[in-house]
Amino acid sequence: RRFGRPLMAALGMVVSLAIPRGVLMGQEGALADRCARETVGADVTATLFCGLVAQSIESVQAPLGLAVTGGNPVPGTASTLGMRIGRLPRVSVGGRLTGVWLDQPNIVNANRLGERDFSLTSLNADAAVGLFQGFSPAPTVGGVLSIDLLGSMGMLFLPEDEGFGDGSSFTWALGARLGVLRESFTLPGASVSVMYRRVGDVTYGDPLLSSTDAFYDLSLSIWSLRAAVSKRLFALGATAGVGYDRYSSDVRFGFVNPGTTGPEAFRIGFNGFDNDRFLVFGNLSWTLLILHIVGELGWQEGADRVPGVLPTGIGIDADDGRFFGSLAIRLSI
């Protein structure tokens, strides 16, 4: 299911992000171990329900991040901006609406188990500034090692009627894009980028466990790597790319004991819950002078299965991938 280390190398993984995949994939096992330890002496149904809550956290972390990162950090192009006249940088600003479909275990009611499906959306303002023009080793070949500064801020919208405690969460990001080639009449544009993003705390369910049978809240930080190529023909342009996202969260969760023995409720903390996902994406754009209207469609690989047995009758396809999409309007000046 994973695409493997060669793709990580192709994306230009920096050493600080090249954590062995076994470490990240072991996080689900660590959650399962915590559930087993914390529910010692309780009815077995408490351990099973704890595993279901852990699976919900595993299933939701990446979609929350994907809903704000999307695919291409500069919608509609893989070409760096460069300079206009002399040392004056080119600037790109725009707005982007991104959506992703999420399915996670139903943990708000221990007597009505199953899956809940809903969408997550975000609205972001994105900006890019050309910092370095790069080199031109040959005619029509330019933008080699050029650099753009990237920034983003926006809101992640959370469906309160599905159990999320807050209706929205603020998100911001900073990063840079390194040019491989700047698009010309004969060559496509190509670049790699890295961005660091933070998302405000997300709460699902009632932390007091008075109106729901379980809850979790988590922080979310994301390192995003992208590699993309693009080419425009007259007003129409196409971009294709691959990406890698690494997610890190401090998680707090709890649940009411659905069994007959042990404490009435459990509360568990887990710092440094990490995950990673690969994705692919494509953009189609229409350009009129400095205005770009861009549509994006992509796919991200699915979650991992938390080890252990889930409550009876729960059929969860945790490893199913998910599609995402966005619509953006961008001005390049």
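Everything that follows concerns the structure shown earlier in this document.
What counts, and at which threshold
Residue positions are counted from 1 within each chain, in the order its sequence is given. Given that the model is predicted, a residue must reach a pLDDT of at least 70 before its local features are reported, and side-chain atom pairs must reach 80 or more before they are shown or counted; all residues, however, enter totals for whole chains, interfaces and linings. Excluded from the side-chain calculation are hydrogens and water; included are all heavy atoms of the structure. The nonpolar core is taken to be a set of buried Ala, Val, Leu, Ile, Met, Phe, Trp, Tyr and Cys residues, with the residues joined through side-chain atoms within 4.5 Å. Think of it in three bands: with a 1.4 Å probe and only protein chains considered, a residue is buried below 20% of the maximum accessible area for its type, exposed above 50%, and partly exposed in between. Only runs of H or I of at least four residues qualify as helices and only runs of E of at least two qualify as strands under DSSP, and these elements are numbered from the N terminus. In this analysis, two residues are considered to be in contact whenever any of their non-hydrogen atoms come within 4.5 Å of each other. Lining residues are those with an atom within 4 Å of a point, where the points come from a 1 Å grid over the protein atoms alone and group into cavities, where a 1.4 Å probe fits but cannot get out, or pockets, open sets with protein on both sides within 12 Å along at least five of seven lines. Grid points are joined across faces, edges and corners, and a volume is the space filled by probe spheres set on the points. Lys, Arg, Asp and Glu make up the charged group, whereas Ala, Val, Leu, Ile, Met, Phe, Trp, Tyr, Cys and Pro make up the nonpolar group; the residues left over, Gly among them, are polar.

Right, let's get into the nonpolar core. In this structure, Leu64, Tyr216, Leu218, Phe253 and Phe255 are the most contacted members of the largest nonpolar core, which totals 49 residues. Looking at this core, the elements with two or more residues in it are α3 (27-38), α4 (44-69), β1 (91-105), β2 (115-132), β5 (189-205), β6 (214-233), β7 (236-256) and β8 (265-288). With 13 residues, the top contributor of residues to this core is α4. In contact with Phe253, other than residues within four places in its own chain, are Leu31, Cys50, Val53, Ile57, Phe215, Tyr216, Phe266, Arg267 and Ile268. Residues Val74, Leu81, Ala128 and Met195 belong to the second largest nonpolar core, which totals 6 residues.

Moving on, we come to empty space enclosed by the protein. Applying the stated rule across the entire model yields 5 cavities of 30 Å³ or more. Of the pockets and cavities examined, the largest cavity occupies roughly 130 Å³. Forming the boundary of the largest cavity are 14 residues, of which Thr69, Gly71, Pro73, Met195 and Arg197 lie nearest the centre. Listed by contribution, the elements that provide at least two residues to the lining of the largest cavity are β2, β3 (147-157), β5 and β6. The class makeup of the residues in the lining of the largest cavity is 4 nonpolar, 6 polar and 4 charged.

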